[in-house]
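# An overview of the molecular structure
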Amino acid sequence: MRTTHVIRGDEWLSSLPVHIQLFQALGVKPPKYAHIAPIMKEEDGAKRKLSKRKDPEAAVEYYAQVGIPSDAAKEYLLNIANSNFEQWRKQNKTASIDDFKLELNKMSVSGALFDMVKLLDISKTIISKYTKEEVYESAHAWASEYDLSLKKLLEDNKGHTLKVLGIERGNEKPRKDIAKWSDVKENIEYMYDEQFLNKEINYEYQNINEKAEIKKIIETYIEKYLDLSDDKQTWFNKMKDLAEEYGYAREVKEYKQNPEAYKGHVGDISTVIRIALTGRANTPDMYEIMQVLGKESIEARLRKAIKE
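Residues numbered from 1 in each chain as written. Predicted model: local features only at pLDDT ≥ 70, side-chain atom pairs only at ≥ 80, totals over all residues. Heavy atoms only, no water.

Attention now goes to the packing of aromatic side chains. Applying the stated criterion across every chain, the model contains 10 aromatic pairs. Taken together, the aromatic side chains of Phe85, Trp88 and Phe100 make up a single cluster linked through ring pairs. Taking the ring centre of Phe196 as reference, the NZ or CZ of Arg301 above it sits at 4.3 Å. (Phe/Tyr/Trp six-rings, centres within 6.5 Å; stacked < 30°, edge-to-face > 60°. Lys NZ or Arg CZ within 6 Å of the ring centre and 35° of its normal.)

Quick look at the structure:
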């Protein structure tokens, strides 16, 4: 069969003499054998071999179901296969993994520990480099098999979805909120008015939590400061103006230097607007979100927040 190398788990090492003898008895040159340590998993403070019977992450099907891209899984496996891969990747950020030279002598002899957190972190980085079109097509392909409600959302709103997926994409520091395709719905559904305006939102405004104060801030923003023709710096300067108007520091450092002089700072004000618009404290860039939503949607969302 012209097999040159056999790479297998180290539990097969004890059978190697028998296999070599079989080749010799048949008068055939044996291939080269390499025995590598199995991938390990930490459980209850102890390490054990990753099991295809106990652990879903031992099966390829698992990665398809949750929507981890194959290139992310490959990148992670190289990470645990060779100790020098991570350094190589730092030095070759855009290179194909095919350019990396895998070396058996740089594999762990004690067994690498499988780390799902690390895998998802790598996946976030890889997806952050996709174009909005690539994210859309990959998420749509996954949803077609595993989440029909997401498939419908994507298909019914393709143009809007591409704008949503384009937020903070292609920047020097792109968004890293998607680790797997099953994350997509949770991370974008608030950007659709039919999803957002027709459901009850739990607004948690954090540092500013008096309803009267929140109402004043939102109403003043709508009536005096909302203008989508502003560039980003002008938009943020207006957010500072709004903060100053209600007794909040224009800069965070000003507040930290003299906290007794202010109610809070501009970050607290922008958080009120962010949560009123999205129902979330953590989102991609708010300026870009507003540009995608449009004025009519923004006003509807802000007025909804005042009422609830």
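Side-chain pairing between opposite charges can occur once the charged atoms of the two side chains come close. In this structure the tally under the stated criterion is 25 salt bridges. Residue Glu137 pairs with Lys158 through a salt bridge whose shortest N-O separation is 3.9 Å. Residue Glu137 is located in helix H6 (residues 132–146), and its partner Lys158 is located in helix H8 (residues 158–165); the two are separated by 21 residues in the primary sequence. Taking the relative accessible area as the measure of exposure, Glu137 reaches 45% and is therefore partly exposed. A relative accessible area of 39% places Lys158 in the partly exposed class. Here Lys215 ties to Glu219 by a salt bridge, and the two come within 2.7 Å at their closest N and O atoms. (Salt bridge = Lys/Arg side-chain N within 4 Å of Asp/Glu carboxyl O. Helix = DSSP H or I, 4+ residues; strand = E, 2+ residues; numbered from the N terminus. Buried < 20%, exposed > 50% of the residue type's maximum accessible area, 1.4 Å probe, protein only.)

If a residue is not glycine, its phi is most likely negative; likewise, a peptide bond is most likely trans. A positive phi is found at Arg2, a non-glycine position, where the angle reads about 65°. Looking at the secondary structure, you find Arg2 in the segment before strand E1 (5–9). Even without glycine at this site, Glu168 takes up a positive phi of about 60°. Residue placement: Glu168 occurs in the loop between H8 and helix H9 (184–188). Taking the relative accessible area as the measure of exposure, Glu168 reaches 18% and is therefore buried.

With respect to the secondary-structure elements, Asn84 resides in the loop between helix H3 (70–81) and helix H4 (85–91). Once the C-alpha coordinates of Asn84 and Glu103 are considered, the two residues, 19 residues apart in sequence, prove to be 9.5 Å apart. Not counting residues up to four positions away in its chain, the partners in contact with Asn84 are Phe100, Glu103 and Lys106. (Contact = heavy atoms within 4.5 Å.)

Okay, H6 next. Taking 1.5 Å per residue, 15 residues should reach 21 Å; H6 reaches 21 Å between its end C-alpha atoms and fits that length. Buried within H6 we find Val135, Tyr136, Ala139, His140, Trp142 and Ala143. Considering only its buried residues, H6 is in contact with helix H2 (60–66), helix H5 (116–128), helix H7 (148–156), H8 and H9. (Expected span 1.5 Å × (residues − 1).)

Remark: helix H14 (residues 266–278) packs on helix H15 (residues 286–293), axes separated minimally by 11 Å, with the N-to-C direction vectors making an angle of 40°. Crossing angle aside, the handedness with which H14 passes H15 is left-handed. Touching Ser270, Ile273, Arg274, Leu277 and Thr278 of H14 are Met286, Ile289, Met290 and Leu293, all from H15. (Axes fitted to C-alpha atoms, helices over the stretch in contact; angles between N-to-C directions. Left-handed = near helix turned anticlockwise from the far one by under 90°.)

The geometry of H3 relative to H5 is characterised by a closest axis approach of 9 Å and an angle of 130° between their N-to-C directions. The orientation of H3 relative to H5 falls into the category oblique. Where H3 crosses over H5, the handedness of that crossing is right-handed. Along its contact with H3, which presents Asp71, Ala72, Ala73, Glu75, Tyr76 and Asn79, the element H5 presents Lys118, Leu119, Ile122, Ser123 and Ile126. Here the contact of H3 with H5 is composed, by residue class, of 6 nonpolar, 2 polar and 3 charged. (Parallel < 35°, antiparallel > 145°, perpendicular 65-115°, else oblique. Nonpolar A, V, L, I, M, F, W, Y, C, P; charged D, E, K, R; others polar.)

Moving on: the environment of Ser128. By secondary structure assignment, the location of Ser128 is in helix H5. With a relative accessible area of 5%, Ser128 lands in the buried category. Spatially, the C-alpha atoms of Ser128 and Ile208 are 32 Å apart, while their sequence positions differ by 80 residues. Contact partners of Ser128, with chain neighbours within four places excluded, come to Arg169, Pro174, Arg175 and Lys176.

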